[in-house]
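Summary of the model geometry
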Amino acid sequence: MKTTRKRYSEDFKAKVALEAIRGDLTLAELAAKHGVHHTMIASWKRQAIEGMASTFSGAGDVAKAVSESEVEKLHAKIGQLVVERDFLAKAFGR
């Protein structure tokens with residue numbers, strides 16, 4: 001039996017991580033409240049704390065610009081490969 005991994009939105013992760021950082025509830029209580037394993041909550045909390053420093057340093061803006069340019073390059077490459085695939089499919093009669 002194949003099961004798919006559940007994906008959580010960024011907003012949900014941020015909300016749960018913020019609750020974990022506040023410390024009003026234990027990780028086990030938060031896990032029961034939100035239906036998420038406590039190790040995931042601990043991981044999200046750690047990522048949130050590590051990411052806070054980059055929020056104030058401005059490094060996130062540079063990384064976002066780099067990733068946007070990478071996305072544009074990858075989209076162009078995908079388009080090129082689709083055109084080549086379609087051309088070859090027509091040439092070989094498939």
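Keep in mind the model is a prediction, meaning the values are calculated, not measured. (Residues numbered from 1 in each chain as written. Predicted model: local features only at pLDDT ≥ 70, side-chain atom pairs only at ≥ 80, totals over all residues. Heavy atoms only, no water.)

Quick notes on the pattern of salt bridges
This model, assessed by the stated rule, comprises 3 salt bridges. Between lysine 33 and glutamate 19 there is a salt bridge, with its nearest N and O atoms 3.2 Å apart. Of this pair, lysine 33 sits in helix α2 (residues 27-34) while glutamate 19 sits in helix α1 (residues 10-22), placing them 14 residues apart in sequence. Residue glutamate 19 is classed as buried on the basis of its relative accessible area, which comes to 15%. (Salt bridge = Lys/Arg side-chain N within 4 Å of Asp/Glu carboxyl O. Helix = DSSP H or I, 4+ residues; strand = E, 2+ residues; numbered from the N terminus. Buried < 20%, exposed > 50% of the residue type's maximum accessible area, 1.4 Å probe, protein only.)

Some remarks on the domain arrangement of the protein chain
As assigned here, the protein chain comprises domain 1 (1-57) and domain 2 (58-93). Computed from C-alpha atoms alone, the centre-to-centre distance between domain 1 and domain 2 is 32 Å. (Domains from an automatic or database assignment.)

Considering the nonpolar core
Among the nonpolar cores identified, the biggest contains 9 residues, and these are Tyr8, Val16, Ala17, Ala20, Leu30, Ala31, Val36, Ile41 and Trp44. If you list the elements that add at least two residues to this core, you get α1, α2 and α3 (38-57). In terms of residues, this core owes the most to one element, α1, which gives 3 residues. Setting aside anything within four residues of it in sequence, one finds tyrosine 8 in contact with Lys13, Gly35, Val36, Met40 and Trp44. (Core = buried A, V, L, I, M, F, W, Y, C linked by side-chain atoms within 4.5 Å. Contact = heavy atoms within 4.5 Å.)

Details of α2
The α-helix winds at 3.6 residues per turn, so residues separated by three or four positions along the chain end up facing the same way. Among all positions of α2, only Leu30, Ala31 and His34 are buried. Taken around the axis of α2, the buried residues stretch over an arc of 100 degrees, which confines them to a single face. Along α2, exposed side chains directed more than 90 degrees from the buried face belong to Ala28, Ala32 and Lys33. Taken together, the buried residues of α2 touch α1 and α3. Positive backbone phi, approximately 70 degrees, marks glycine 35, located one or two places after α2. (Arc of directions from axis to C-beta.)

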